[in-house]
Amino acid sequence: DAGITQSPRHKVTETGTPVTLRCHQTENHRYMYWYRQDPGHGLRLIHYSYGVKDTDKGEVSDGYSVSRSKTEDFLLTLESATSSQTSVYFCAISEEFPGTTHNEQFFGPGTRLTVL
Amino acid sequence: AQSVTQPDIHITVSEGASLELRCNYSYGATPYLFWYVQSPGQGLQLLLKYFSGDTLVQGIKGFEAEFKRSQSSFNLRKPSVHWSDAAEYFCAVGAAYGNQGGKLIFGQGTELSVKP
């Protein structure tokens with residue numbers, strides 16, 4: 001299994017509080033992604049990173065920010081959590097594959113976030 | 001618009017019966033196609049992928065998928081289902097070439113139940 005950990009694994013917080021989720025990899029892969037999973041929606045991309053300090057928005061980026069100061073860590077921050085951000089959050093990593101854009105993505109175990 | 005459609009939200013099959021999960025995609029570039037499986041409370045595991053070459057690809061756990069460009073489909077099959085195959089299955093598409101950052105678009109998922 002790819003070395004990807006997410007912390008915390010579960011979190012309950014209140015509306016309006018800031019929350020930071022951490023993704024840590026030991027594979028030295030260049031690309032990292034944050035998704036949220038909601039019933040009926042599959043996985044939707046929030047933000048992704050293509051290198052240290054290089055990030056870009058995904059499909060559902062409003063209300064989220066990210067940072068990547070080291071290859072191995074990708075942080076997702078909810079500046080002021082809302083109930084609509086209650087979800088399961090997955091981190092994924094991907095390495096660059098010569099001749100194509102990328103290889104497959106490997107997923108972490110997920111973080112279940114509840115915003116009351 | 002780029003999208004992935006899994007028409008069946010939930011499928012129930014008997015153990016030992018054959019299985020086919022449908023996936024249709026709409027994508028403007030040469031696609032890179034994946035099937036992932038998610039067991040309850042777990043992250044996503046790659047079953048198989050298609051990039052180029054033989055349109056029938058073999059994956060882990062006895063699964064296979066066939067890419068049909070004319071039908072924009074990438075259906076997943078298994079000749080004989082085991083109780084342990086009960087899980088949620090996701091089809092995903094990405095760009096095989098170009099500067100898309102390795103982003104994937106996921107379908108909504110198909111939940112598979114297996115009857116004894």
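Keep in mind the model is a prediction, meaning the values are calculated, not measured.

Novice: How do you make sense of the side chain of B:Lys78 when you look at a structure like this?
Specialist: All names here are of chain B. Here lysine 78 shows up in strand S9 (residues 73–78). Among the polar contacts made by the side chain of lysine 78, one reaches the side chain of aspartate 85 at a distance of 2.8 Å. Beyond its immediate sequence surroundings of up to four residues, lysine 78 is in contact with Ala17, Ser18, Leu19, Lys61, Gly62, Phe63 and Asp85.

Novice: Please clarify how the nonpolar core should be interpreted in this entry.
Specialist: Across soluble globular proteins, you tend to see nonpolar side chains buried next to one another. All names here are of chain B. Within the largest apolar cluster, 28 residues are counted, with the highest numbers of intra-cluster contacts made by Leu19, Trp35, Leu47, Leu48, Phe74, Leu76 and Tyr89. Those elements that provide at least two residues to this core are strand S2 (10–14), strand S3 (19–21), strand S5 (31–38), strand S6 (44–50), strand S8 (64–68), S9, strand S10 (87–95) and strand S12 (110–115). Counting residues per element, this core draws most heavily on S10, which supplies five residues.

Novice: Please clarify how the pattern of salt bridges should be interpreted in this entry.
Specialist: Between side chains of opposite charge, pairing is possible as soon as their charged atoms come close. Enumeration over the complete set of coordinates arrives at nine salt bridges over all chains. Two residues, B:Lys78 and B:Asp85, come together in a salt bridge whose shortest N-O distance is 2.8 Å. Where salt bridges share partners, they join A:Arg22, A:Lys70 and A:Asp73 into one cluster.

Novice: Just to check I follow, could you spell out the state of the cysteines for this structure?
Specialist: Cysteine pairs can be covalently joined through their sulfur atoms, and such a bond is termed a disulfide. Counted under the stated rule, the structure contains two disulfides over all chains. The disulfide that involves A:Cys23 links it to A:Cys91, with 1.9 Å between the sulfurs. The disulfide joining A:Cys23 to A:Cys91 has a torsion of about -70 degrees about its S-S bond and is therefore left-handed. With a gap of 68 residues between them, A:Cys23 in strand S3 (residues 19–25) and A:Cys91 in strand S9 (residues 87–94) connect regions that are remote in the sequence. Disulfide pairing is shown between B:Cys23 and B:Cys91; the S-S distance is 2.0 Å. Given an S-S torsion of about -65 degrees, the disulfide between B:Cys23 and B:Cys91 has left-handed geometry. Of this pair, B:Cys23 sits in the loop between S3 and strand S4 (24–26) while B:Cys91 sits in strand S10, and the two are 68 residues apart along the sequence.

Novice: I keep staring at the sheet that holds strand S1 (residues 4–7) of chain A and nothing clicks. Help me out?
Specialist: Within a sheet, neighbouring strands are paired by backbone hydrogen bonds and run either parallel or antiparallel to one another. Residues and elements named next belong to chain A. The antiparallel open sheet is built from four strands, whose spatial order is S1-S3-S8-S7. Every interior strand has two partners, whereas the edge strands, S1 and strand S7 (64–70), have only one. Strand-to-strand twist in this sheet, taken as the mean axis angle between neighbours without regard to direction, amounts to 20 degrees. The sheet contact formed by S3 and strand S8 (residues 73–78) spans six bridges and is antiparallel. Across the sheet, the residue bridging to valine 19 is leucine 78, located in S8.

The rules behind the values
Residues numbered from 1 in each chain as written. Chains lettered and ligands numbered in written order. Predicted model: local features only at pLDDT ≥ 70, side-chain atom pairs only at ≥ 80, totals over all residues. Heavy atoms only, no water. Helix = DSSP H or I, 4+ residues; strand = E, 2+ residues; numbered from the N terminus. Polar contact = N/O pair within 3.5 Å; in protein donor to acceptor, adjacent residues only side chain to side chain. Contact = heavy atoms within 4.5 Å. Core = buried A, V, L, I, M, F, W, Y, C linked by side-chain atoms within 4.5 Å. Buried < 20%, exposed > 50% of the residue type's maximum accessible area, 1.4 Å probe, protein only. Salt bridge = Lys/Arg side-chain N within 4 Å of Asp/Glu carboxyl O. Disulfide = S-S within 2.5 Å. Pairing = 2+ DSSP bridges. Axes fitted to C-alpha atoms, helices over the stretch in contact; angles between N-to-C directions.

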